[in-house]
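Now for the letters of each chain:
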Amino acid sequence: MKKLFVLALAVVLTLSLTATVSAATFDPYISGRITWSYVESDHKDYDGNPVHLDYSGIKLLLKGKVTHEETGTWGAIGAKIDGWPNDEGGLNGPNAIYDFGINNIGGSNFSIWYSNWENENMNRGQGRIHDSAPAKYHEDFLFDRDMANVIGIDYITDKLAVNFGYVPDDNALGNNDFQIAFTYNFDGGKVHAGYWNSILNGVEAKEYIIGGEVKTSFGTIKADYLSLDLDSSIYGGGDLAQVAVAFDDLKFDVTFVYDNKYKFKTDGGYGYQIRYTGFDNITLAYRAFEADEKADESENFTDFYIGYKYGIFETRLGYGTVGEGKDNDRLYASVYISFW
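Note that residues are indexed from 1 along each chain, following the sequence as it is written. Whole-chain, interface and lining totals are the exception, using all residues; otherwise, since this is a predicted model, local features are given only for residues with pLDDT of at least 70 and side-chain atom pairs are given and counted only at 80 or more. Based on all heavy atoms of the structure, the side-chain values leave hydrogens and waters out of the count.

Comments concerning the overall build of the chain
Short version of the rule: By the criteria applied, helices consist of DSSP H or I runs no shorter than four residues and strands consist of E runs no shorter than two, each listed in order from the N terminus. With a 1.4 Å probe rolled over the protein chains alone, any residue whose accessible area is under 20% of its type maximum counts as buried; one over 50% counts as exposed, and the rest are partly exposed. In what follows, residue pairs with any heavy atoms lying within 4.5 Å of each other are defined as contacts.
Of the regular secondary structure elements, the chain holds one helix and 20 strands. For the chain, buried positions account for 39% of its 340 residues. When contacts within the chain are restricted to residue pairs at least 6 apart in sequence, those whose partners lie at least 24 apart make up 47%.

Here we look at unusual backbone geometry
Unlike most non-glycine residues, Asn201 shows phi in positive territory, near 55°. Here Asn201 is to be found in the loop between β11 (189–200) and β12 (203–215). In this structure, Asn281 is a non-glycine residue whose phi angle is positive, near 60°. Mapping Asn281 onto the fold places it in the loop between β16 (269–279) and β17 (282–291). Judged by relative accessible area, Asn281 falls into the partly exposed class, the value being 48%.

Quick notes on the side chain of Lys263
Basically, it comes down to this: Polar contacts here mean pairs of N or O atoms no more than 3.5 Å apart (in protein, one a potential hydrogen donor and the other a potential acceptor; neighbouring residues in sequence count only if both atoms are side-chain atoms).
As for its position among the elements, Lys263 is in the loop between β15 (252–260) and β16. Judged by relative accessible area, Lys263 falls into the buried class, the value being 10%. A distance of 2.9 Å separates the side chain of Lys263 from the backbone oxygen of His130, its partner in a polar contact. Here Lys263 is in contact with His130, Asp131, Phe289, Glu299 and Phe301, once residues within four sequence places are set aside.

Looking at the nonpolar core
For the record, the criterion: Remark: nonpolar core denotes a set of buried residues (Ala, Val, Leu, Ile, Met, Phe, Trp, Tyr, Cys) joined through side-chain atoms within 4.5 Å.
Counting residues in each nonpolar core, the largest one holds 22 residues, and the members touching the most others are Met147, Trp196, Leu226, Leu228, Leu240 and Phe289. Where this core is concerned, the elements lending two or more residues are β7 (141–143), β12, β13 (219–230) and β17. Here this core gets three residues from one element, more than from any other, and that element is β13. Excluding residues that lie within four positions of it along the chain, Leu240 makes contacts with His130, Leu142, Asp224, Tyr225, Leu226, Val257, Tyr258, Asp259, Asn260 and Tyr262. Residues Val39, Tyr46, Ala285 and Tyr332 belong to the second largest nonpolar core, which totals six residues.

Some words on the packing of aromatic side chains
Let me state the cut-off plainly: Two rings belonging to Phe, Tyr or Trp (six-membered ring only in the last case) form a pair when the distance between their centres is within 6.5 Å. Interplanar angles under 30 degrees mark stacking, angles over 60 mark edge-to-face geometry, and anything in between is tilted.
Overall, the coordinates contain 13 aromatic pairs when judged by the stated rule. The interplanar angle of 80° and the centroid separation of 5.2 Å between the aromatic rings of Tyr276 and Phe279 together place this pair among those described as edge-to-face. For Tyr276, a relative accessible area of 27% corresponds to the partly exposed category. What makes Phe279 partly exposed here is its relative accessible area of 45%. Among the aromatic residues, those joined into a ring-pair cluster are Tyr98, Phe100 and Tyr114.

Considering a negative patch on the surface
How we decide: Patches were defined on residues exceeding 30% relative accessible area and lacking a salt bridge, with like-charge contacts within 9 Å and nonpolar side-chain contacts (Val, Leu, Ile, Met, Phe, Trp, Tyr) within 5 Å. Note on areas: these come from Shrake-Rupley sampling with a 1.4 Å probe, and a residue is covered only by the protein chains present in the view. The rule for a salt bridge is simple: a side-chain nitrogen of Lys or Arg has to be within 4 Å of a carboxyl oxygen of Asp or Glu. The charged-residue count follows a simple rule in which Lys and Arg add positive charge and Asp and Glu add negative charge, with His and chain termini not counted at all. The atoms used to mark charge sites are NZ of Lys, CZ of Arg, CG of Asp and CD of Glu.
Residues Asp267, Glu290, Asp292, Glu293 and Glu324 make up a contiguous surface patch of negative charge. Tracing the sequence through the fold places Glu324 in the loop between β19 (313–322) and β20 (329–338). Note on Glu324: relative accessible area 46%, which makes it partly exposed.

Overview of the environment of Asp296
If you trace the backbone, Asp296 turns up in the loop between β17 and β18 (301–310). Taking relative accessible area as the criterion, Asp296 reaches 8% and is therefore assigned buried. Asp296 sits 28 residues away from Glu324 along the chain, and the two C-alpha atoms are 9.8 Å apart. Asp296 has contacts with Phe264, Lys265, Thr266, Asp267 and Ala291, leaving out every residue within four places of it along the chain.

Considering the pairing of strand β10 (residues 178–186)
For clarity, the threshold we go by: Criterion used throughout: strands pair if DSSP finds at least two bridges between them.
Where strand β9 (residues 160–166) meets β10, seven bridges bridge the pair, whose relative direction is antiparallel. If you follow Gly165 over to β10, its bridge partner there is Gln179. Pairing geometry for β10 and β11, over nine bridges, is antiparallel. When the bridges of β11 are listed, Asn185 appears paired with Lys190.

Purely spatial values, then, with no claim about function.
In structure tokens form, the structure reads like this:
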């Protein structure tokens, strides 16, 4: 049944892409980012290497896309240089990438497509704040399990978005990676959920999220619950709850995270962020995470920064700590340039 499903999808895509492209439009595209940081610290990860390349990098995407409006068929090819450089300054790539699909099949709300490199349509939830890096300017989603070599099916209306991804190639356990997510919009807010099944650290992994947000008289309240289940006797996974309250008129927000072995794997912990954006082009933020058990103290951190947007640059000057003990302070300056 699984092979018939994949074959049927392949036939639909192949037949559609053989249609004439005489009325097609070509859309070339270039995007990327540059990030850089200078860290002054006696901590072992930074001592003697202030421009620490694990926390600086470049991402470059070159892509051309052709679209046939009448049939909704499209295809894109390109190259990507991606990821953070290693300590020797090397980069990952370039890698050849391609996508193709059909939008709004037969005038419906369904679209189907294939990507050999990335499908981000299932991302859901707030930005994750439980990781800290001097050049980490834009948080990943809490539910962020991008898949490659994936068939995507999307159903989109004004109220509802459902996104499904399926990898036809068997993984190392002989199964097929897949995930599904939805968002439902209602007056004054929305709810969302997502589920992912794949391999993590060599074992079967399942992760799901449920959450939403609601508008109030003073601002916005967001809440998410994220759970990871690993088929492992060493670390079976964990979960966390994240709640954010934004006072929109005051340009002030507070986020609290309760961690139950998702970040701190021994006995969990907690974290929070306080942020103010009321000044023109200036952000003031403080973020801290602390484990409940000493075994996880190396994952502790604090981070206070002043962010300033200057032209094409987003910049930060920050001070904080990494782990616990002697020589764990760090002072940093960083910059981010976006081409997206």
